[in-house]
Each structure stands twice: as C-alpha cells, then as structure tokens.
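# Reading the structure
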There are 2 protein chains.
Amino acid sequence: MNINRQRLLSMLEEVNRISAEGEGVTRLAYTAEEDAALDWFVETCDAHSIETRRDAMGNVFGTVGNSSGDGGILIGSHLDTVKEGGKYDGALGVVAGLEVLMALKENGERLDRPVTVAAFRGEEANILGGTFGSRAFCGLVGFDDTFMEKLEQTPFTEREIRESAGHEGYSDYLELHIEQGKSLENSGTEIGIVDAIAGIRRLDVTVYGEAAHSGTMAMGERDDALTHAAGLLLEFERIVNSFGAPYVGTVGTFSVHPNLANVVPGRVDFVLEVRGPEIDMMRRITEQFTEYAEAGHNVKISENVEKPPSALSDVIIEYGKSVCREAGVRYEVMMSGANHDANSLSSVMNSGLIFIPCLNGVSHNPGEYAAPEDIVRGAEVLLGTVMKLQGNNCGQ
Amino acid sequence: MNINRQRLLSMLEEVNRISAEGEGVTRLAYTAEEDAALDWFVETCDAHSIETRRDAMGNVFGTVGNSSGDGGILIGSHLDTVKEGGKYDGALGVVAGLEVLMALKENGERLDRPVTVAAFRGEEANILGGTFGSRAFCGLVGFDDTFMEKLEQTPFTEREIRESAGHEGYSDYLELHIEQGKSLENSGTEIGIVDAIAGIRRLDVTVYGEAAHSGTMAMGERDDALTHAAGLLLEFERIVNSFGAPYVGTVGTFSVHPNLANVVPGRVDFVLEVRGPEIDMMRRITEQFTEYAEAGHNVKISENVEKPPSALSDVIIEYGKSVCREAGVRYEVMMSGANHDANSLSSVMNSGLIFIPCLNGVSHNPGEYAAPEDIVRGAEVLLGTVMKLQGNNCGQ
C-alpha cells in the first residue's frame, strides 16, 4: 500500500491557496479563511467518496471503514495558522491524514477499525486558548465566567461547545507535524517519534529597584532594577543549561519602568518560562532560580502557569519505531517542546505524535519549509502506524 | 543683611498652593498652573514694589536697583514642575531669588549693579525641549522645520520666541537648586558649588538575535537577543564604574521584541546614556562599550544625542567658596548630573549653580523634601554671592 506522492503534495498546495492577504499563509482561527479550508476538507472527502461530518463548533471529520463501530483510529491536526505563517504547521497533518484515507480506500483493504481524519479548529493561539477545537472535542473545556465572557466574542454558544465533545468511540489518535525545531535536522534524523509533550511552567517576576534621575544618582548609590534583572537573566540561563536538554527556559516578555532614557529603572517585570518532560525537574529549575533571586534581590515571584507534561502512548511509540525500522528510516524518540492537538487527545485516548524535519527549525513564519521527501516519508510512517493499530483493537 | 526665614518659607508655601489635581505639585509647562505661578510672581513683586516685566513668551522678571544699566546680576530658576512633582525643584530657586531681592531692598543698600530674578518657563521636559524659556532668553533656539511643527502646537509664535532673547545687559547668573542626588546628604555637606553641568551622550543600541519558538528551540541552538543584551548591560555597568565618579551610565529605555512569553526574543532595543564633566571621557566610555558589543554580538549602535558638558564660572565658584568659608558652611565643589536653566545661561554669561541637599536624593516625586534650615542656608549663600558680585563689575 503506497502513499501517492503527487496527490499528497497537490492537496497541500490546494489548501494553501486559501489565505488572507499578506506574506505566507494566514488562516486565523474562526475566520472566513479557516472556514474555507474546512469546506475544502469536506469537498475533498466528497470527491473521494469519504464519509464526512461536522460537529456543532465546526471541527470536520472524514471516515473510511464502518464508522458505527467502536475502536476508531483518529488522525488529526488543524487547518488554522498564525498570521503570516507557513504552509506546513497543521495543514501537513490534515492533508497526510486525508492521503492515508485515500490510500486505504483505493487499496480496498477491509479495515477492522474505522479510520477518521479530523481537522480541529483554532489550534493556534486564539481568544479561547490554543488547541481549542481539540479540547472541545475531548470535553476538556471549562465554562467559568472568564471563559463565558470570551465565548461571547466568538460565533459559538456554550451548547455548541458542549455538543462538540465527540471523542467516544475512538481509541487511538495519531498526528503528523513538522518539528518546528532543529533537532532532527541537526542530527540528520528523518522522523521524530514524540514520547512527551513538554509541560510549561511560567513565573511572573517583578524586580524592584528605586527609580532615580539618571544624571544625579551616583553609580554606587543606585538600586537599578534593570541591572538586577540582567544578572537574574544570566543566572536563569545558567541554571537551565545545567539541567541539560531537552529542558529549555525563556524570558520572552520583559518590560522596564518607567522606561525613560533619563530615569534609572525602578522596576522590571518579566515572564520566565520553563518547558520540559518532567514536572519535578521543571519545578527544580524554577526553585533554584527563585532561591537565587530572593537571596540577593528585591523580587516578587508568583506562578503564572503550570501545565504538566503529557506522556504519549508507549504502544504507539513502539509501533512507530517498528515502522521506521522496517522501512530503514532514521528516527529518534524525542520531546515536543510545542503544544499540539495531540496534547488534548492524550487526556482521553492513546495518542501518538510524529515529527518530520523543517528547514532551520523555522515555523510560524512565511519561510517555514518541509522537503517533499520528508512529507512523503512522514505520511508513510503515519500509514504504517495506522496499519499496526489495525491489528490491535484490544486496548492497551 | 539677613534672609527672612519666615517670609522665604511662606512664599514657597504660597506658590505651591498652585497645582493641578493629583499627588504632590503639578504645574506643567505652558498650562494654566504655570501661568498662575508666574502671575503669583508678578503680584508678589508688586506687593513689595519690585519692578517687573514679562517678555514675549511669558518669562517674568523682577528687578531691584537701576535696571537701565549694564552689568546686571541675574538670579533665576523655574516655576513649572513635572507631573506630580515636588515643592522644591525650580520653585526654591525663584522664591530664594525673590527673598534676596526683598532683603536687598529692605536693607536699602545702594546696588552698584541691578539684581534681577527670573522665572523661566518650561524648564522641565516639554514639547519644545527642556530649559526652553531660558534657551529662548539666551537666544539659543534653532528654528528648523521640526521645531516649527512643534511650535504650532504651543501658544507661541516664532516672533514671540525671537523677541524673548533678552540676556543682553546681564553679566552674571546665579541659580539655587536642590541637588536631586544623594552626594551632599551622604557626605554631610551643606552646600554644593557646581563647577560643571554634565554632558549627555546617548547611543541607540539594537541587539539582534533570532526569534524562535520557546518550546522547540534547544538552548544550544538559540540566538537569544535578550540574553545578549543582559550581558551587554552588565559590561556597560562595569565600564562606567571603571571610570569612577562623577561619571554615570544608565540604560533607562529598553524593549524586547516580539515580547511574547513563548517566543525567544529576536531583537532588543535600548538607549544607553553616559553623563559626566568631560566629553572625551564620556566618549571613551561609549567607545569601550561599542568595541565590546561589536566584537561579540550582532548589534547596531548609533549616536542619539551628544550634549557637551558646560563649565561654570571659576570666579563665581571662588565667590561661593568664600561665602561658605566665611559663614562656616560645609561645602563641596561638584558636578551637576541634571540639566538646569544655568546650562542655557552659561552659554551667554558667567554662571553659577548652588545646590542644597534634598532628602534621599528624591526629586520629580511628591516625596521631594528639603529641610527649612537648608533652604535658608541656600538663600544666605545666594545673597552672599550676589554681594560678592556687587563688588565685581569689570568682567572676568
């Protein structure tokens, strides 16, 4: 059974013709462009006699095999993009899923378990939070007041979101995605098999100094919040590095007050983020930082986010490895530092995530690029893993 | 001849009743509150039969002695404040000047040289630039297109500004001001005699890195502009400290791009400032920084401002020292890190600047405070220096 290279690449090209104006590809969540891409999905399935359905919030599904049975295998990703993003983040996984369905269908093989491709809405950062479509599908949305206020600014009702919880009947989830990092490229590896989606731990840090006139306050008398913060940034870098890969730490948001050229900064606010595969280690990193910061500086540190890492299915990891070995594909087992729809799905079923390399690790950028041979290889590994799962319908 | 402590402190209290709403004192340049304070100046002079005049842009002057002669002695400062500023920055110098006039007048002493007090408009940062009133008085305003556009947003015409150049006939300028730093307080010194107003040299610095996803870009692969900038800040601090007091260096304006918690910063922009009494040394500081930054980082550095230091009058410094010595006042000769109207005046006549301590060096803040005994002592030194100048009308 083969992946049709030409068909796969053509579908990717087709869906990427749908974009708002600007550089690269723009199909923001809940906009006309995302809607058009989801319509394209349905029309493409129709043209290949693949059964489709739309849930109440507009996630779309195409199924081959008997869709009334249990133990369904789900393949998914998303068709929305960031503003002026690339052609591969999300679209690759959906299109490769469609190609897998088409390959299964034209092969005529009897499927013990139905195979469904999902295009989830709103995976990228949006007013309802990232991976929103897949979280709704998995019944993971909380309806607190803050959420309800945001929901009013969208086309959706609470009822539509609740009705979109539709994961029952599916046992396994697979997603193909570009890595969005350089690990595979640097090691010359063709496939990444993800064992964990990184947890995220963020601290809000405020560093206090004393604002003063930049001309009149002598160096030795200063309590310069920015100088304090500079030292903290370098120490944070040192701590994160001491934990080694795949742990990463970033200060991405940083502001200085009052931010005037002639005033010694009185306060600096920043958000410090740690990502990694084990929550305990992530906490140790932030604890070491907090201890250092509190010992020598006037700081206020509070937890902003703690999202534990998600472990993916060992069985699917083993299947993925077997498929790669049998096909002579160089693979490595790795962490995903970014979040994906697979993270939502991993809460409710066995889930797997497969990476292909992307040029220089560039993503969320018009320059995002994955080579055709890597795209085809990714779809082949996806298909191979689906076939392995066909032979396993007894739970894990 | 004595300073009237009660009258001096009462005048300071009176003028500070004029304020917009908010904490502390607010008399922004060119607003109704500044106008009201200038009116108060004129009314106060009228009540003491001190001759006044207003120039075309509204700087006000009060004179004792024969104002038609040459060799006038000018005392000045300003009555505008920053938003929610204090009671002393500017007002102290004007009120002390008025008290000097009143003391001279009631003493009935014949003045060889007329003595004038000026309240200059718009000394604090404003749309036309700081020390605007005194620069106009000294004929230092340039009328380029940028300036003319700004002028249209003010109540002033070009003609009014040009007509306000009125420094001819004056030979010497004196200003009393709070230090706005901690030097006097820390050394237990009662009076600062300023020998130079610091020059200002500012560089625009851009540090380039590569923006990347905070979860997917491994530590070793990152080119984090904020980490680079942190190292540069600490090295700048080290270089400035190696030059010793009174040189100071500040990074007050600092911004990170794209400033998102999940993106490794791709670019940092900041403004680096050096102040000091010698332009060559200031240039050496920025050169050392630039050399270091360019050697190890991807930076773009350009000059933003270079304002040379202003040397004040040696004769007036000597007079001030004599007055202090004769009165048993502890003084030190020092640099002013902040700009003052005396800087404008030093371009066109012999100028002196006298500091009194202010609590914790706090200024531009409702908590700005100078003790009554320091205020009175400052006015006494001002009066003493005027008397020394009375004996010197032969130029220097």
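No experiment lies behind these values; they were computed from the predicted model shown.

## Observations regarding the domain arrangement of chain A
Residues and elements named next belong to chain A. If you check the domain split of chain A, you get domain 1 (5-197 + 309-390) and domain 2 (199-307). Summarising the inter-unit geometry, the C-alpha centres of domain 1 and domain 2 are found 36 Å apart. Each side of the interface is counted separately: domain 1 has 7 residues, and domain 2 has 9 residues. Roughly 570 Å² is buried in total at the junction of domain 1 and domain 2, and carbon and sulfur atoms are behind 64% of that figure. If you look at where domain 1 meets domain 2, you find 0 salt bridges. For the pair domain 1 and domain 2, the number of links is 2 residue pairs in polar contact (both at pLDDT 80 or more). Counted by class, the side of domain 1 that touches domain 2 contains 5 nonpolar, 2 polar and no charged residues.

## Let's talk about the side chain of Asp 224 of chain A
All names here are of chain A. The residue Asp 224 is located in the loop between strand 8 (212-213) and helix 8 (225-243) in this model. Within polar-contact distance, the side chain of Asp 224 engages the backbone nitrogen of Leu 226 at 2.8 Å. In this view, Asp 224 contacts Val 264 and Pro 265; residues no more than four positions away in its chain are not counted.

## A word on the nonpolar core
For soluble globular proteins, the rule of thumb is that nonpolar side chains tend to be buried together. Judged by nonpolar contacts, the single largest core of 60 residues is most densely connected at Phe 254, Phe 270 and Phe 289 of chain A together with Phe 254, Phe 270 and Phe 289 of chain B. Not counting residues up to four positions away in its chain, the partners in contact with Phe 254 of chain B are Leu 226, Phe 254, Val 256 and Asn 259 of chain A together with Leu 226, Ala 229, Leu 233, Val 268, Asp 269 and Phe 270 of chain B.

## Thoughts on unusual backbone geometry
Trans is the prevailing form of peptide bonds, just as negative phi is the prevailing case for residues other than glycine. Pro 246 of chain B follows Ala 245 of chain B through a cis peptide bond whose omega is 5°. Tracing the backbone through its elements, the reader meets Pro 246 of chain B in the loop between helix 8 (225-243) and strand 9 (248-257). Residues other than glycine seldom take positive phi values, yet Glu 84 of chain A does so here, at roughly 50°. Within the secondary structure layout, Glu 84 of chain A lies in the loop between strand 3 (72-78) and helix 3 (91-107).

## A few points about the interface of chain A and chain B
Between chain A and chain B, the residue contacts involve 47 residues of the former and 48 residues of the latter. Between chain A and chain B lies a buried interface of about 4000 Å² when both sides are counted; carbon and sulfur atoms form 57% of it. Considering only the side of chain A, the residues that lose the most area to chain B are Thr 216, Met 219 and Ala 261 of chain A, jointly responsible for 15% of the buried surface there. Seen at the junction of chain A and chain B, the total is 2 salt bridges. Between the two partners, chain A and chain B, sit 20 residue pairs in polar contact (both at pLDDT 80 or more). At the level of secondary structure, the elements contributing two or more residues to the side of chain A that touches chain B comprise helix 8, strand 9 (248-257), strand 10 (263-264) and strand 11 (267-276) of chain A. Here the side of chain A that touches chain B gets 9 residues from one element, more than from any other, and that element is helix 8 of chain A.

## Points about the packing of helix 1 (residues 5-15) of chain A against helix 3 of chain A
All names here are of chain A. As a packed pair, helix 1 and helix 3 sit with axes 9 Å apart at the nearest point and diverge in direction by 140°. What the angle tells us is that helix 1 and helix 3 run oblique. Note on packing geometry: the crossing formed by helix 1 with helix 3 is right-handed. Counted together, Arg 7, Leu 8, Met 11, Leu 12 and Val 15 of helix 1 and Ala 91, Leu 92, Val 95, Ala 96, Leu 98, Glu 99, Met 102, Ala 103 and Glu 106 of helix 3 form the full contact between these two elements.

## Thoughts on the pattern of salt bridges
All names here are of chain A. With the rule as written, the count across this model stands at 47 salt bridges over all chains. Among the salt bridges present, the one from Arg 267 reaches Asp 269, with a minimum N-O distance of 2.8 Å. With relative accessibility at 30%, the residue Arg 267 sits in the partly exposed group. Residue Glu 273 pairs with Arg 275 through a salt bridge whose shortest N-O separation is 2.8 Å. Through salt bridges that share partners, Arg 201, Asp 280, Arg 283, Glu 303 and Glu 306 make up one connected network.

## Topic: the packing of helix 3 of chain A against helix 12 (residues 372-390) of chain A
Residue and element names in this part refer to chain A. One way to put it is that helix 3 packs onto helix 12 with a least axis distance of 9 Å and a crossing angle of 55°. What the angle tells us is that helix 3 and helix 12 run oblique. As for how helix 3 packs across helix 12, the hand of that crossing is right-handed. Between helix 3, through Leu 92, Ala 96, Gly 97, Val 100, Ala 103 and Leu 104, and helix 12, the contact on the second element is made entirely by Ile 375, Ala 379, Leu 382, Leu 383, Val 386 and Met 387. For the contact of helix 3 with helix 12, a count of residues per class yields 11 nonpolar, 1 polar and no charged.

## Comments concerning helix 1 (residues 5-15) of chain B
An α-helical turn contains 3.6 residues, so any two residues separated by three or four positions project in the same direction. All names here are of chain B. Taken together, the buried positions of helix 1 are occupied by Arg 7, Leu 8, Met 11, Leu 12 and Val 15. For helix 1, the arc enclosing every buried residue in end-on projection is 135°, short of the 170-degree limit, so these residues lie on one face. Turned more than 90 degrees off the buried face of helix 1, the exposed positions are Gln 6 and Glu 13. Between the side-chain oxygen at the start of helix 1 and the backbone nitrogen of Gln 6 there is a gap of 3.1 Å, and the oxygen is on Asn 4.

## Concerning the relation of the copies chain A and chain B
Each copy of the sequence occupies a distinct position, and chain A is placed on chain B by a rotation of 179° and an axial shift of 0.0 Å, giving an RMSD of 0.1 Å. Given the turn and translation reported, the copies of this chain are related as if by a two-fold rotation axis. Proximity to the rotation axis, assessed at the C-alpha, singles out Ala 230 of chain A in chain A; its C-alpha lies 2.3 Å from the axis. The residues that chain A uses at the interface reappear at the interface of chain B in 98% of cases, marking a shared surface.

## Let's talk about the packing of aromatic side chains
Applying the stated criterion across every chain yields a total of 23 aromatic pairs over all chains. Centroid distance Phe 120 of chain A to Tyr 173 of chain A: 6.4 Å. Interplanar angle 45°. Geometry classified as tilted. Of this pair, Phe 120 of chain A sits in strand 4 (residues 115-120) while Tyr 173 of chain A sits in strand 5 (residues 170-178), and the two are 53 residues apart along the sequence. Like Tyr 173 of chain A, Phe 120 of chain A is buried. An aromatic cluster is defined as three or more aromatic residues linked by ring pairs; in this entry it consists of Phe 61, Phe 120, Phe 137, Tyr 170 and Tyr 173 of chain A. The positively charged end of Arg 53 of chain A is found above the aromatic ring belonging to Phe 61 of chain A, 4.3 Å away from the centroid. The cationic tip of Arg 162 of chain B hangs over the ring face of Phe 143 of chain B; the distance from NZ or CZ to the ring centre is 4.0 Å.

## A word on the side chain of Asp 374 of chain B
Residues and elements named next belong to chain B. If you trace the backbone, Asp 374 turns up in helix 12 (residues 372-390). Here Asp 374 falls in the buried class, since its relative accessible area comes to 15%. Engagement of the side chain of Asp 374 in a polar contact is seen with the side chain of Arg 377, the distance being 2.8 Å.

## What about a negative patch on the surface?
Residue and element names in this part refer to chain A. There is a patch of like negative charges on the surface, built from Asp 144, Asp 145, Glu 149 and Glu 152. Inspection of the secondary structure assignment puts Asp 144 in the loop between helix 4 (132-137) and helix 5 (145-151). Looking at Asp 144, the relative accessible area reads 46%, which means it is partly exposed.

## A closer look at the pairing of strand 11 (residues 267-276) of chain B
Residues and elements named next belong to chain B. With 9 of 10 residues buried, strand 11 lies mostly within the body of the structure. Both strand 7 (residues 199-208) and strand 11 contribute to a ladder of 10 bridges, which runs antiparallel. Within strand 11, the residue paired with Gly 199 across the bridge is Gly 276. Alignment of strand 9 against strand 11, held across 9 bridges, turns out to be antiparallel. Along strand 11, the bridge assignment pairs Ser 255 with Asp 269.

About the thresholds
- Residues numbered from 1 in each chain as written.
- Chains lettered and ligands numbered in written order.
- Predicted model: local features only at pLDDT ≥ 70, side-chain atom pairs only at ≥ 80, totals over all residues.
- Heavy atoms only, no water.
- Domains from an automatic or database assignment.
- Contact = heavy atoms within 4.5 Å.
- Buried area = accessible area lost by both parts, 1.4 Å probe.
- Salt bridge = Lys/Arg side-chain N within 4 Å of Asp/Glu carboxyl O.
- Polar contact = N/O pair within 3.5 Å; in protein donor to acceptor, adjacent residues only side chain to side chain.
- Nonpolar A, V, L, I, M, F, W, Y, C, P; charged D, E, K, R; others polar.
- Helix = DSSP H or I, 4+ residues; strand = E, 2+ residues; numbered from the N terminus.
- Core = buried A, V, L, I, M, F, W, Y, C linked by side-chain atoms within 4.5 Å.
- Buried < 20%, exposed > 50% of the residue type's maximum accessible area, 1.4 Å probe, protein only.
- Axes fitted to C-alpha atoms, helices over the stretch in contact; angles between N-to-C directions.
- Parallel < 35°, antiparallel > 145°, perpendicular 65-115°, else oblique.
- Left-handed = near helix turned anticlockwise from the far one by under 90°.
- Arc of directions from axis to C-beta.
- Least-squares fit on C-alpha atoms with pLDDT ≥ 70 in both.
- Phe/Tyr/Trp six-rings, centres within 6.5 Å; stacked < 30°, edge-to-face > 60°.
- Lys NZ or Arg CZ within 6 Å of the ring centre and 35° of its normal.
- Patch = residues over 30% accessible without salt bridge, like charges linked within 9 Å, V, L, I, M, F, W, Y side chains within 5 Å.
- Areas by Shrake-Rupley, 256 points an atom, 1.4 Å probe, with all protein chains shown as cover.
- Lys, Arg positive; Asp, Glu negative; His and termini not counted.
- Charge placed at Lys NZ, Arg CZ, Asp CG, Glu CD.
- Pairing = 2+ DSSP bridges.

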